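Listed below, chain by chain, are the residues.
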Amino acid sequence: MTVTALFVGSDQDWDTYAPALIEAFKDLPLSVTLTADHAPETVDYIVMAGSQIIDDFSPFTKCKALLRLWAGVEDIVHNDTITFPICRMVGGGLDQGMVEWVVAHVMRYHVGMDTHIHGQDGVWRNGFVPPLAGDRPVTILGLGALGTACAQALTSLGFPVTGWSRSPKSIDGIRCLSNDVADALQNAQMVVALLPKTPDTENILNAETLAKTAKGAYLLNPGRGPLIDDTALLAALDSGQIAHATLDTFRKEPLPESDPFWAHPHVTVTPHIASATRPKPAARVIADNIQRGEAGLPFVHTVDRTAGY
Ligand code: NAP
């Protein structure tokens with residue numbers, strides 16, 4: 001029997017991910033056909049890249065799961081026509097990619113790289129000695145797959161890391177908090193936002209919470225744009241409460257040319273590239289879930305539709 005997996009995404013997504021998916025399916029002890037066009041009522045799995053390009057999933061009467069190639073699901077999680085489980089991407093290179101991006105930007109701030117990179121003008125600027133990592137508290141909002149991987153990487157470099165999540169956690173070497181976000185932000189010199197976008201996390205970084213960090217803290221937002229109240233962040237940057245922000249995600253993407261973040265001297269904009277799903281490892285995650293589904297095992301990385309992530 002052949003299992004049918006419908007690929008939903010742009011032509012570019014197909015070119016990026018389909019070859020790796022087809023290869024990964026060949027390694028399975030069952031026959032899986034990947035197609036970009038198929039009668040909905042005969043589809044067993046939907047493999048979905050990109051933004052939602054199906055509004056009504058009700059014709060997919062036989063579908064056993066929607067397997068997302070991305071980590072975020074805010075665009076599909078509340079779609080009531082999806083009556084089967086949604087599984088998001090965990091692994092697939094996302095964790096390693098995010099660790100590399102977060103560590104790179106934390107280290108940029110920590111060792112004060114800009115002082116020397118922008119100052120190649122014959123002036124001997126040897127006045128800045130950064131604290132060692134142990135004296136630079138970092139707070140990571142979100143202790144999921146990505147937040148935990150980043151927290152562990154920063155801990156291994158010597159940073160004291162506080163992580164904040166919805167449910168209580170215990171992770172070796174990391175101060176885990178799950179109560180008031182203000183406690184987690186208190187005196188943080190670096191803040192990394194790795195929360196999903198949900199009604200509870202929207203504007204979690206606002207005037208009140210940004211005021212809790214140490215004066216002159218650095219902010220990284222590879223999570224989602226709406227986590228930040230943009231007006232409050234601009235005010236915090238202007239007052240020096242936040243020394244610099246590196247923003248990878250925005251309320252509107254691509255970030256419009258007129259957006260004040262582009263021109264702000266204390267903002268670095270990166271175009272939602274903190275961590276991309278890598279085709280080969282991601283294809284293995286998708287193939288593994290199809291194999292589990294066909295063996296009658298529970299899917300992994302299922303989304304909690306009520307929590308919204
Ligand atoms: P995840 O495993 O679902 O982790 C989410 C974390 O946020 C969990 O620790 C969760 O708490 C916490 N959380 C959710 N709602 C909360 C709330 N109201 N209060 C406190 N904590 C809350 O997600 P992930 O795989 O780490 O990914 C995180 C986000 O990164 C994604 O949702 C996506 O938006 C973003 N992302 C961005 C890029 C990029 O390139 N910029 C790439 C991939 C992902 P619990 O542990 O208690 O559930």
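Residues numbered from 1 in each chain as written. Predicted model: local features only at pLDDT ≥ 70, side-chain atom pairs only at ≥ 80, totals over all residues. Heavy atoms only, no water.

Colleague: Before we move on, can you summarise the nonpolar core with the specific residues and values?
Modeller: Residues L21, F25, L69, V102, L154, I286 and I290 are the most contacted members of the largest nonpolar core, which totals 55 residues. In terms of residue count, the dominant contributor to this core is helix 2 (residues 94-110) (eight residues). Two domains each donate at least three residues to this core, and these are domain 1 (2-92 + 277-294) and domain 2 (94-269). Residues within four places of L154 in sequence aside, it is in contact with V102, V103, V106, V138, I140, F159 and V161. If you look at the next biggest cluster of nonpolar residues, it comprises 30 residues, including A184, A217, I228 and I242. (Core = buried A, V, L, I, M, F, W, Y, C linked by side-chain atoms within 4.5 Å. Buried < 20%, exposed > 50% of the residue type's maximum accessible area, 1.4 Å probe, protein only. Helix = DSSP H or I, 4+ residues; strand = E, 2+ residues; numbered from the N terminus. Domains from an automatic or database assignment. Contact = heavy atoms within 4.5 Å.)

Colleague: Quick rundown of the pattern of salt bridges? Include the residues and the values.
Modeller: This model, assessed by the stated rule, comprises 10 salt bridges. The residue K62 makes a salt bridge to D44 at a minimum N-O spacing of 3.1 Å. Here K62, found in the loop between strand 3 (45-48) and strand 4 (65-68), pairs with D44, found in the loop between strand 2 (31-35) and strand 3; they are 18 residues apart in sequence, far enough to count as distant. The class for K62 is partly exposed, based on a relative accessible area of 40%. A cluster of three or more residues bridged by salt bridges with shared partners is formed by D44, K62, K64 and E294. (Salt bridge = Lys/Arg side-chain N within 4 Å of Asp/Glu carboxyl O.)

Colleague: With reference to specific residues and values, describe the domain arrangement of the protein chain.
Modeller: Entries for the protein chain in the domain assignment read domain 1 (2-92 + 277-294) and domain 2 (94-269). Taking the mean C-alpha position of each, domain 1 and domain 2 sit 32 Å from one another. The partner domain 2 presents five residues to the nine residues of domain 1 that form the contact. A buried area of about 640 Å², summed over both sides, lies between domain 1 and domain 2, and 54% of it is on carbon and sulfur atoms. At the junction of domain 1 with domain 2, the criterion picks out one salt bridge. Its salt-bridge partner being R224, residue E74 comes within 2.6 Å of it at the nearest N-O pair. (Buried area = accessible area lost by both parts, 1.4 Å probe.)

Colleague: Would you mind going over the site of the ligand in detail, with residue names and values included?
Modeller: The immediate surroundings of the ligand are formed by 29 residues, with R88, S167, K169, P222 and Y309 found nearest. The backbone of G144 places a nitrogen or oxygen atom 3.0 Å from an oxygen atom of the ligand. Within the backbone of A145, a nitrogen or oxygen atom sits 2.9 Å from an oxygen atom of the ligand. By residue number, the principal contributor to the shell around the ligand is helix 4 (residues 145-156), which donates three residues. Tallied by class, residues from the shell around the ligand come to 13 nonpolar, 10 polar and six charged. (Near = heavy atom within 4 Å. Polar contact = N/O pair within 3.5 Å; in protein donor to acceptor, adjacent residues only side chain to side chain. Nonpolar A, V, L, I, M, F, W, Y, C, P; charged D, E, K, R; others polar.)

Colleague: Before we move on, could you go through unusual backbone geometry and cite the residues and values that matter?
Modeller: Cis geometry marks the peptide bond from E253 to P254, where omega comes out at -5 degrees. Looking at where P254 falls in the secondary structure, it is placed in the loop between strand 11 (242-247) and helix 8 (260-263). The backbone phi angle of N187 is positive, close to 65 degrees, even though this residue is not glycine. Residue position: N187 is located in the loop between helix 5 (181-185) and strand 9 (190-193).

Colleague: Any details on the packing of helix 1 (residues 11-26) against helix 9 (residues 279-294)? Residues and values, ideally.
Modeller: As a packed pair, helix 1 and helix 9 sit with axes 8 Å apart at the nearest point and diverge in direction by 50 degrees. Judged on the interaxial angle alone, helix 9 and helix 1 are oblique. For the pair helix 1 and helix 9, the sense of crossing is right-handed. Seen from helix 1, the contacting residues are T16, Y17, A20, L21, A24 and F25; seen from helix 9, they are P279, K280, A283, R284, I286, A287 and I290. In the contact of helix 1 with helix 9, the residues fall into 10 nonpolar, one polar and two charged. (Axes fitted to C-alpha atoms, helices over the stretch in contact; angles between N-to-C directions. Parallel < 35°, antiparallel > 145°, perpendicular 65-115°, else oblique. Left-handed = near helix turned anticlockwise from the far one by under 90°.)

Colleague: Provide a residue-level description of the pairing of strand 2, including the pertinent values.
Modeller: Bridge analysis of strand 1 (residues 2-8) against strand 2 gives five bridges, and the strand direction is parallel. In the strand pairing of strand 2, T4 is matched with T33. Taken together, strand 1, helix 1 and strand 2 form a β-α-β motif whose crossover is right-handed. (Pairing = 2+ DSSP bridges. Right-handed = clockwise from strand over helix to strand, strands pointing away.)

Colleague: An account of the packing of helix 2 against helix 4 is requested, with residue identities and associated values reported.
Modeller: At their nearest, the axes of helix 2 and helix 4 sit 9 Å apart, and the two run at 50 degrees to each other. Put simply, helix 2 runs oblique to helix 4. In this structure, helix 2 meets helix 4 at a crossing whose hand is right-handed. On helix 4, the residues touching L94, D95, M98, V99, V102, V103 and V106 of helix 2 are L146, A149, C150, A153 and L154.

Colleague: Which residues make up the pairing of strand 11, and what are the values?
Modeller: Counting buried positions along strand 11 gives five out of six residues, so the element sits mostly inside the fold. With five bridges joining them, strand 10 (residues 217-221) and strand 11 adopt parallel strand pairing. Counterpart to L219 in the pairing with strand 11 is A245. Taking the sense of rotation as the criterion, the β-α-β connection linking strand 10, helix 7 (residues 230-239) and strand 11 turns out right-handed.

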